[in-house]
Amino acid sequence: MFKDEPLHGREALRALLEADKAGWPEQRNEERSAIVQGDAVATEHRLTATTTAGRTAALDVLRIWDVADGRIAAIRTYADTAPLLEALAG
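The structure displayed is predicted, hence computed values, not measured ones.

### Regarding the pairing of strand 4 (residues 71–79)
Pairing between strand 3 (residues 56–68) and strand 4: eight bridges, direction antiparallel. Residue pairing in the sheet places D66 in a bridge with A74 of strand 4. The hairpin turn running from strand 3 into strand 4, its antiparallel successor, is two residues long, and D69 in that turn takes a positive phi close to 55°.

Written out as structure tokens, the structure reads:
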């Protein structure tokens, strides 16, 4: 769901999203706020995800999106992932 190393390219992002969906088949993002300043966007949302074993985790997520030439150039994600780890541990 979250990676420590950067991803590069559409295929890498697609692979990450597919792996997330396999381990956390039910996911819901509730947007709470968004701020746009120049070529940067900050979004705050609540992620609720359920494992294949039926355990649920909820956490707050902040993402910073950098935009260049009308396309996403970078995304940085900040979250306390402890609820995800607890759900995986059971």
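### A word on the side chain of H45
With respect to the helices and strands, H45 occurs in strand 2 (residues 40–50). For H45, the side chain forms a polar contact with the side chain of N29, separated by 3.0 Å.

### Quick notes on the pattern of salt bridges
Where charged atoms of side chains with opposite charge meet at close range, the side chains can pair. Following the criterion strictly, the structure yields four salt bridges and no others. A salt bridge links R14 to E11, with the shortest nitrogen-to-oxygen separation between them at 2.6 Å. In this pair, R14 and E11 are both assigned in helix 1 (residues 10–23), three residues apart and thus about one turn of the helix distant. What makes R14 partly exposed here is its relative accessible area of 41%. A salt bridge links R46 to D60; the nearest nitrogen and oxygen atoms lie 3.2 Å apart. Residue R46 is found in strand 2, and its partner D60 is found in strand 3; the two are separated by 14 residues along the sequence. Looking at R46, the relative accessible area reads 25%, which means it is partly exposed. In this structure D60 comes out as partly exposed when scored by relative accessible area, which is 38%. A single salt-bridge network, built from bridges that share partners, covers R32, R46 and D60.

Calculation notes
Position numbers for residues count from 1 along each chain, tracking the sequence in the order it is written. Totals for whole chains, interfaces and linings use every residue, but because this is a predicted model, local features are given only for residues with pLDDT of at least 70 and side-chain atom pairs only at 80 or more, for both listing and counting. In computing side-chain properties, one takes all heavy atoms of the structure into account and sets aside hydrogens as well as water. Criterion used throughout: strands pair if DSSP finds at least two bridges between them. The helix count covers DSSP runs of H or I at least four residues long, the strand count covers runs of E at least two residues long, and both are numbered beginning at the N terminus. The term polar contact refers here to a pair of N or O atoms within 3.5 Å; inside protein, the definition further demands a hydrogen-donor-capable atom paired with an acceptor-capable atom, and it admits residues adjacent in sequence only when both atoms are side-chain atoms. In the sections that follow, a salt bridge refers to a side-chain nitrogen of Lys or Arg positioned within 4 Å of a carboxyl oxygen of Asp or Glu. Exposure classes here rest on a 1.4 Å probe applied to the protein chains alone. A residue is buried below 20% of its type maximum, exposed above 50%, and partly exposed in between.

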